[in-house]
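Fold and contact review
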Amino acid sequence: MEPLFEQLKQRAISAPMRIVLPESTEPRTLRAADRIIADGIARVILIGDYYAITNSAAELGLTNIGKATVVDPNNAELVEKYAQLFYELRKNKGVTVEDARVKVKDPLYLGCLMIKNGDADGQVAGAMNSTGNVLRAAFQVLKTAPGVDVVSGAFLMMLPEGSPYGENGIMVFADCAVVPEPDAQQLAQIAVMTAKTAHDLAGIEPRVAMLSFSTKGSASHERVNKVVEATALARQMSPTLSIDGELQADAAIVPSVGASKAPGSSIAGTANVLVFPSLEVGNIAYKLVQRIAGAGAVGPVLQGLAAPVNDLSRGCNVEDIYKTIIITCNQAIAAGR
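Everything numeric in this text was worked out from a predicted model, so none of it was measured. (Residues numbered from 1 in each chain as written. Predicted model: local features only at pLDDT ≥ 70, side-chain atom pairs only at ≥ 80, totals over all residues. Heavy atoms only, no water.)

**Notes on the overall build of the protein chain**
Within the protein chain, the secondary structure is distributed over 13 helices and 11 strands. For a compact globule of 337 residues, the expected C-alpha radius of gyration is about 20 Å, and the protein chain comes in at 21 Å, within 12% of that figure. The principal-axis extent of the C-alpha atoms belonging to the protein chain is close to 65 × 45 × 30 Å. Expressed as a percentage of the 337 residues in the protein chain, the buried residues total 52%. A separation of at least 24 residues holds for 73% of the contacts in the protein chain among residues at least 6 apart in sequence. For the protein chain, the computed accessible surface area is about 14400 Å², with 50% contributed by carbon and sulfur atoms. Here the protein chain contributes 30 positively and 34 negatively charged side chains, and the mean placements of these two sets differ by 2 Å. (Helix = DSSP H or I, 4+ residues; strand = E, 2+ residues; numbered from the N terminus. Rg over C-alpha atoms; globule rule 2.2 N^0.38 Å. Buried < 20%, exposed > 50% of the residue type's maximum accessible area, 1.4 Å probe, protein only. Contact = heavy atoms within 4.5 Å. Areas by Shrake-Rupley, 256 points an atom, 1.4 Å probe, with all protein chains shown as cover. Lys, Arg positive; Asp, Glu negative; His and termini not counted. Charge placed at Lys NZ, Arg CZ, Asp CG, Glu CD.)

**Thoughts on the nonpolar core**
One finds Ile65, Val208 and Met210 to be the most contacted residues of the largest nonpolar core, which totals 64 residues. The element best represented in this core is helix α8 (residues 184–202), accounting for 10 residues. Setting aside anything within four residues of it in sequence, one finds Val208 in contact with Ala191, Ala195, Leu241, Ser242, Ile243, Asp244, Ile267, Val273 and Val275. (Core = buried A, V, L, I, M, F, W, Y, C linked by side-chain atoms within 4.5 Å.)

**As for the pairing of strand β1 (residues 17–21)**
Here β1 lies mainly inside the structure; four of its five residues are buried. Both β1 and strand β2 (residues 42–47) contribute to a ladder of five bridges, which runs parallel. Looking at β2, one finds that Arg18 is bridged to Arg43. Once the chain exits β1 it traverses helix α2 (residues 27–39) before rejoining the sheet at β2, and the crossover so formed is right-handed. As paired strands, β1 and strand β4 (residues 122–125) are joined by two bridges and run parallel to one another. Paired with Ile19 across the bridge in β4 is Gly122. (Pairing = 2+ DSSP bridges. Right-handed = clockwise from strand over helix to strand, strands pointing away.)

**With respect to the pattern of salt bridges**
For the structure on display, the rule yields 15 salt bridges. Put simply, Arg223 and Glu181 hold a salt bridge, and the shortest N to O gap is 3.1 Å. Note that Arg223 is positioned in helix α9 (residues 222–237) and Glu181 in the loop between β6 (170–174) and α8, a separation of 42 residues in sequence. The network of salt bridges with shared partners includes Glu80, Glu98 and Arg101. (Salt bridge = Lys/Arg side-chain N within 4 Å of Asp/Glu carboxyl O.)

**Describing the packing of aromatic side chains**
Applying the stated criterion across every chain yields a total of four aromatic pairs. Here Tyr50 and Tyr51 contribute two aromatic rings whose centre-to-centre distance is 5.3 Å and whose plane-to-plane angle is 85 degrees, an arrangement assigned as edge-to-face. Judged by its relative accessible area of 58%, Tyr51 is exposed. Here the aromatic rings of Phe155 and Tyr286 are separated by 3.8 Å at their centres, their planes lie at 20 degrees, and the arrangement is stacked. Within this pair, whereas Phe155 is found in strand β5 (residues 152–158), its partner Tyr286 is found in helix α12 (residues 279–292), the two being separated by 131 residues in sequence. Judged on exposure class, the residue Phe155 and its partner Tyr286 are both buried. Here the guanidinium or amino end of Arg35 rests over the ring plane of Tyr322, the centre of that ring lying 3.5 Å away. A cation over a ring is seen here: Lys323 above Phe5, with NZ or CZ 5.1 Å from the ring centre. (Phe/Tyr/Trp six-rings, centres within 6.5 Å; stacked < 30°, edge-to-face > 60°. Lys NZ or Arg CZ within 6 Å of the ring centre and 35° of its normal.)

**Thoughts on the layout of surface pockets**
A water-sized probe rolled over the atoms picks out the places where empty space is left. When its volume is computed, the largest pocket comes out at roughly 630 Å³. Residue lining of the largest pocket: 31 residues in total, with Phe155, Tyr286, Gly299, Pro300 and Ser313 positioned closest to the centre. Broken down by secondary-structure element, the contributors of at least two residues to the lining of the largest pocket are α12, β10 (296–303), β11 (309–311) and α13 (318–336). Here the lining of the largest pocket gets six residues from one element, more than from any other, and that element is β10. Counted as a void, the second largest pocket has a volume near 420 Å³. Lining the second largest pocket are 21 residues, with Leu211, Ala249, Leu274, Phe276 and Ala285 sitting closest to its centre. Elements with a minimum of two residues in the lining of the second largest pocket: β6, α9, α10 (249–253) and α12. (1 Å grid on protein atoms, 1.4 Å probe; cavity = no way out; pocket = protein on both sides within 12 Å on 5 of 7 lines; lining within 4 Å. Points joined across faces, edges and corners; volume = space filled by probe spheres on them.)

**Points about the environment of Glu23**
By the secondary structure assignment, Glu23 is in the loop between β1 and α2. When its relative accessible area of 4% is taken as the criterion, Glu23 is described as buried. The spacing of Glu23 and Lys105 is 82 residues in sequence and 13 Å in space, taken between C-alpha atoms. Ignoring anything within four residues of it in the chain, the contact list for Glu23 reads Thr29, Ala125, Gly126, Ala127, Met128 and Asn129. Within polar-contact distance, the side chain of Glu23 engages the backbone nitrogen of Met128 at 2.9 Å. (Polar contact = N/O pair within 3.5 Å; in protein donor to acceptor, adjacent residues only side chain to side chain.)

Quick look at the structure:
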């Protein structure tokens, strides 16, 4: 395991969080849960039928699943408790109590309602469900953090040993997963939340570069104007944040280029957080760095929600789920602080 994840693992062990896994009979999820329990990383909550879960665990030869808390979405008393909560949250949207009783039986919603009610600290899903379904439940129940109205996805990029870029070989990229074409206000929020992710998870003091195809007015275009405006808005949102833009990628991370193209900038040439102007650019960039440079890419880490919920790729493996649970634990710890 990479040094960063070893640190995150130890932090999680020191303050075990209650993490909901709604996809309770999915084999990769069960294997990851068994390992999480064995390592003492989190208090695992599985949503589903107790016998179905234990039978699946037995078939997989897992010995620790019995230590997880199992929450049955067909338990009438439990359904009523959380249905009333969902009704109160959504009645202004036309949701009836009966609608709420049906919705609570969906494990994705039930997990988020447990978090909302203070009965859990975070949720990890997506091995079986689409990103849309995972996020829909989180939006409707948990909503976004105060002062934020956009959810985005950051990637922790662990660069090859000896890389001169980033902070101790770590960079954070966003948005690479959620918002196709953010406007200036959304881009500013993405920048502020990505800086928080860099601090809370990577343990680095963020130096944020707002990327463009222009550096300090070298090109004129409405897309450049968006990045300039977003930089100004981010400074208003977080006056102590170290941020600059607009910067081209080389000006952001190569000291000599930064000094030449953006003299006087405190960020140019030293950025460890890169905020991309669109999802298209961010997604392409992280995949290229991952494949061509051989960097480790962990994520997406969802940011901007009022409580930690993370989405998995349906092509994920056990190690991906294990690491995502560790990340979610650390987000919950940071939220508690």
